[in-house]
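Residues per chain, in single letters:
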Amino acid sequence: LGETPEFKKYMDYLRGRALREQYFEKTLKGTINEDEAKKIYNARVAQLKPETEFAARHILVESEEKAKELRAKIAGGEDFAKLAGENSTDPVSKKDGGFLGYFGMGQMVPEFESAVVKMQKGELSEPVKTAYGWHIIKLEDRRAKAPPAYEQVKDTIVNSLAVRKAQEASAEMRGKAKVE
């Protein structure tokens, strides 16, 4: 099999591909310096629109009456997390006292999101109806969403710079080539 013309043609193809990859990695990617990548990162971060993230707890129940009853207990001083663990029908968050973690716009159902956006840190909502049932929400925190750290996106930036340089090098080579 190793001596067939098809195999030799395939090996030539693989060799060419490996050479292109090595050229890309060693020659093009190697010419990108940290300052160039950081400059692009800083420019993109400057263009980001400020976004707000919210951290909230919730208790999900099946009826408005139960939601009102639990809200009254919390307003009376009972522990939200304890009541969430005992009463919430949300199997995931009830284990954490109803804590949902941080989330941004568009990550929760509209009714839930609408209530959270209007709340202040530490505030307790009135019962909120969604397709899942009735929620009592406590806003734990509101913060500006931080942009991704440079180290998280560095490889993506370097790769995009290398692709751009590869396109420029390819266009330059095509311009110099004499195709018959």
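This one's a predicted model, so the numbers in the text were calculated from it and none came from an experiment. (Residues numbered from 1 in each chain as written. Predicted model: local features only at pLDDT ≥ 70, side-chain atom pairs only at ≥ 80, totals over all residues. Heavy atoms only, no water.)

Trainee: Sorry if this is basic, but what is going on with the environment of Val92 here?
Mentor: With respect to the helices, strands and loops of the structure, Val92 is situated in the loop between α4 (80-87) and β2 (99-103). Taking the C-alpha atoms as reference points, Val92 and Leu28, 64 residues apart in sequence, are found 47 Å from one another. (Helix = DSSP H or I, 4+ residues; strand = E, 2+ residues; numbered from the N terminus.)

Trainee: Hey, could you run me through helix α2 (residues 34-47) in this one?
Mentor: An α-helical segment advances 3.6 residues per turn. Residues three or four places apart therefore align on the same side. Taking 1.5 Å as the rise per residue, α2 with 14 residues should run 20 Å; its terminal C-alpha atoms sit 20 Å apart, in good agreement. Those residues of α2 lying buried are Ala37, Ile40 and Tyr41. For α2, the angular spread of the buried residues around the axis is 100°, confining them to a single face. For α2, the exposed residues lying more than 90 degrees away from the buried face are Asp35, Lys39 and Ala46. Residues of α2 that are buried make contact with α6 (150-176). (Expected span 1.5 Å × (residues − 1). Buried < 20%, exposed > 50% of the residue type's maximum accessible area, 1.4 Å probe, protein only. Arc of directions from axis to C-beta. Contact = heavy atoms within 4.5 Å.)

Trainee: What is the right way to look at the pairing of strand β4 (residues 133-144) in this model?
Mentor: Remember that side chains alternate between the two faces of the sheet whenever the strand is regular. Pairing between strand β1 (residues 52-61) and β4: ten bridges, direction antiparallel. For Ala55, the partnering residue across the bridge sits in β4 and is Asp141. Here three bridges tie strand β3 (residues 128-130) to β4, and the two strands are oriented antiparallel to one another. In the strand pairing of β4, Val128 is matched with His135. Two successive antiparallel strands, β3 and β4, enclose a turn made up of two residues. (Pairing = 2+ DSSP bridges.)

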